[in-house]
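# Examining the three-dimensional arrangement
Now for the letters of each chain:
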Amino acid sequence: MGTSAPADSQITERPDPDSPEGRKTLRRAIAASAIGNATEWYDYGVYAATTTYLTHAFFPGHLGTIGTMLGFAVSFILRPLGGLVWGPIGDRVGRKAVLATTILLISLATALIGVLPTYAVAGVWAPILLIALRVVQGFSTGGEYGGAATFMAEYAPDKRRGKYGSFLEFGTLTGFVMGTAIVLFMELGLSDHSMETWGWRIPFLLALPLGLIGLYLRSQMEDTPVFTEVEAGKEIVGSAWSRFVDLMKNYWRPILIMFGMVVALNVANYTLLAYLPTYLQNNIGLTATTGSVVILIGELVMMALIPIFGAWSDRTGRKPMWWASLIGLFIFALPLFWLMGQGFGRAIVGFVVLGLLYIPQLSTISATFPAMFPTQVRYAGFAISYNVATAAFGGTAPLINDAVTSNSGWDLFPAAYMMAACVVGMVALKFLTETAGVSIRGTETPGEETSDGAVDQQGQNRAGAGAA
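The structure presented is a predicted model; accordingly, all values stated were derived computationally and were not measured.

This part covers the overall build of the chain. Along its length, the chain carries 22 helices and zero strands. For 468 residues, the compact-globule estimate of 2.2 N^0.38 gives 23 Å, and the C-alpha radius of gyration of the chain, at 21 Å, lies within 12% of that figure. Here the chain holds 468 residues, and 60% of them are scored as buried. For the chain, restricting intrachain contacts to residue pairs at least 6 apart in sequence, the fraction spanning at least 24 positions comes to 85%. Working note: accessible area of the chain is about 16500 Å², and carbon and sulfur atoms make up 69% of it. Across the chain, 28 positive and 31 negative side-chain charges occur, with their mean positions spaced 3 Å apart.

This paragraph deals with a positive patch on the surface. A contiguous patch of positive charge on the surface is contributed by R23, K24, R27 and R28. As for its position among the elements, R27 is in helix α1 (residues 20-49).

Further remarks concern the packing of aromatic side chains. Throughout the structure, instances matching the rule amount to 21 aromatic pairs. Ring centres of Y279 and F337 lie 5.6 Å apart, and the angle between their planes is 70 degrees; on these two criteria the pair is classed as edge-to-face. Remark: F337 occurs in helix α16 (residues 318-340) and Y279 occurs in helix α14 (residues 252-282); sequence separation between them is 58 residues. On the basis of relative accessible area, Y279 is assigned to the buried category, the value being 0%. For F337, a relative accessible area of 1% gives the class buried. Centroid distance W410 to F413: 6.1 Å. Interplanar angle 65 degrees. Geometry classified as edge-to-face. Overall, the relative accessible area of 43% leaves W410 in the partly exposed class. Among the aromatic residues, those joined into a cluster by ring pairs are Y145, W322, F369, F382 and Y386. Lying over the aromatic face of Y47, R134 brings its terminal NZ or CZ to 4.3 Å of the ring centre.

Right, let's talk about helix α11 (residues 207-219) for a bit. Here α11 contains 13 residues, and its C-alpha end-to-end distance of 18 Å stays within 8% of the 18 Å for a straight helix at 1.5 Å per residue. On its buried face, α11 sits against α1, α5 (95-113), α7 (125-155), α8 (161-189) and α10 (201-205).

Taken together, the side chains of L108, L112, V115, W198, I202, L205 and L206 make up a nonpolar region of the molecular surface, amounting to roughly 580 Å² of accessible area. Of all the secondary structure elements, the ones that give two or more residues to the nonpolar patch are α5 and α10. The topology assignment puts L112 in helix α5. On the accessibility criterion, L112 (37% relative accessible area) is partly exposed.

All chains considered together, the criterion is met by eight salt bridges. Between R95 and E154 there is a salt bridge, with the nearest N and O atoms lying 2.7 Å from each other. In this pair, R95 sits in helix α5 while E154 sits in helix α7, placing the two residues 59 residues apart along the sequence. Classification of R95 by relative accessible area gives buried; the value is 0%. By relative accessible area, which is 0% here, E154 ends up buried. Of the charged contacts in the structure, one is a salt bridge between R161 and D158, with a shortest N-O distance of 2.8 Å.

With their axes 5 Å apart at the nearest point, α1 and helix α2 (residues 51-58) run at an angle of 70 degrees to one another. Taken together, the axes of α1 and α2 lie roughly perpendicular to each other. Facing Y47, A48 and A49 of α1, the residues of α2 in contact are T51, Y53 and L54. Partitioned by chemical class, the residues of the contact of α1 with α2 number five nonpolar, one polar and no charged.

You can see S107 is positioned in helix α5. Reaching out from S107, the side chain makes a polar contact with the backbone oxygen of L104 at a distance of 3.1 Å. Those residues in contact with S107 that sit more than four places away from it in its chain are T39, A207, L208 and G211.

The subject of this paragraph is the confidence of the model for the chain. Averaged over the chain, the pLDDT score is 86; the fraction of residues at 70 or greater is 92%. Here residues 1-11 scores under 50 on pLDDT; set against residues more than four positions off or in separate chains, the count is 32 contacts. Below a pLDDT of 50 lies the segment residues 450-468, which in the model reaches 37 contacts outside its immediate sequence neighbourhood of four places, other chains included.

Before going further, it helps to spend a moment on the nonpolar core. One finds F58, L276 and F369 to be the most contacted residues of the largest nonpolar core, which totals 122 residues. Element by element, the count of residues in this core is highest for α14, at 18 residues. Residues within four places of F369 in sequence aside, it is in contact with M258, M261, V262, L265, W322, F382 and Y386.

What counts, and at which threshold
Residues numbered from 1 in each chain as written. Predicted model: local features only at pLDDT ≥ 70, side-chain atom pairs only at ≥ 80, totals over all residues. Heavy atoms only, no water. Helix = DSSP H or I, 4+ residues; strand = E, 2+ residues; numbered from the N terminus. Rg over C-alpha atoms; globule rule 2.2 N^0.38 Å. Buried < 20%, exposed > 50% of the residue type's maximum accessible area, 1.4 Å probe, protein only. Contact = heavy atoms within 4.5 Å. Areas by Shrake-Rupley, 256 points an atom, 1.4 Å probe, with all protein chains shown as cover. Lys, Arg positive; Asp, Glu negative; His and termini not counted. Charge placed at Lys NZ, Arg CZ, Asp CG, Glu CD. Patch = residues over 30% accessible without salt bridge, like charges linked within 9 Å, V, L, I, M, F, W, Y side chains within 5 Å. Salt bridge = Lys/Arg side-chain N within 4 Å of Asp/Glu carboxyl O. Phe/Tyr/Trp six-rings, centres within 6.5 Å; stacked < 30°, edge-to-face > 60°. Lys NZ or Arg CZ within 6 Å of the ring centre and 35° of its normal. Expected span 1.5 Å × (residues − 1). Axes fitted to C-alpha atoms, helices over the stretch in contact; angles between N-to-C directions. Parallel < 35°, antiparallel > 145°, perpendicular 65-115°, else oblique. Nonpolar A, V, L, I, M, F, W, Y, C, P; charged D, E, K, R; others polar. Polar contact = N/O pair within 3.5 Å; in protein donor to acceptor, adjacent residues only side chain to side chain. pLDDT = per-residue confidence, 0-100. Core = buried A, V, L, I, M, F, W, Y, C linked by side-chain atoms within 4.5 Å.

Here it is, written out as structure tokens:
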């Protein structure tokens, strides 16, 4: 399945967080990783916050909000294909080249939504073009997120992987907050008529300069030390296809474990961050503006705490953080969703508490998932497993939640759906190998036995030395 990492004399050192130059390099790596994630989630934030305007512009007929939610869900159809294509390429030619391509495609597709003709102008071609651009976004995102998480994990010191990796998810919420805040600002400054006719377009157009900034930052970075070390040792051979075959043949166990964990992660994620704006308006009765305020406050609280929880996971381990989150959401989802239905103030409290319960998962994604695979299949393993689970369960969560609550009248269904996903996550988590502080160098699976039956103690020693 692979070889252990090369001797220390052959190791390309990662940035030292205690030196000025090392801290500068790590800040650049964080920025280069996080801004792509921010661009991706800026799109989701804007799409979620402009649901009512998109429905009016593209789905004025009987489909209504269901059509808009379908537009959200369809972007996930090609995410697995994107992971299948971009992941093995990233494992063969490097993380940097793929990440430069994906951020450009995501930002361009998002910006083009802002110039689409409406249904009143182009008829059925309007929603078709919208869905086509969402498909491009989904295909690109299939390589973006796994690559950004891998990039950040391979730059971070092993014993601070949780702390530094959490900033990728800080970028997630930054994008969401930016999208929500810009839409809210425009709603406050424009009339309802102006927002419906042209105002909703502006937030989408702003994705292009955001993506260009990310492209520049990524072009200034070298590929990760972990990847270049393995590449220099000629330990990655064959084509991108051979990377995929190796992954499917030898690493199906971490793929399945990660799949189950991502079901829990992303049902909660897309329910709380993507579906809630629509839920608060259609089911709770809040206005678009007050609903946006609820989401914005909750996201700002989560942003402030994500680095703290990420650093905490370096001390306690990833598994305890995940257990606390999954059990907490399972117990409190129903009462907190009920609480949100009692009015504006209580909606804020309910959403903030749900966000706090979710953060232990969100803040440790980049520390947990890349460490489940060895270097030569890490990008593909993450991208494929993550995106298949996300497409099947995460991206469809807003559509399923909206369809069930609309047709059944059961406003607490989203909480029940999250609870069921948490059960799946808990089953998978039982089989996860703890990798906090463990080296992710080399071509052996981190934290597990090497090919000769011994634990890769050399890698763990390097982790301690590299995190001082």
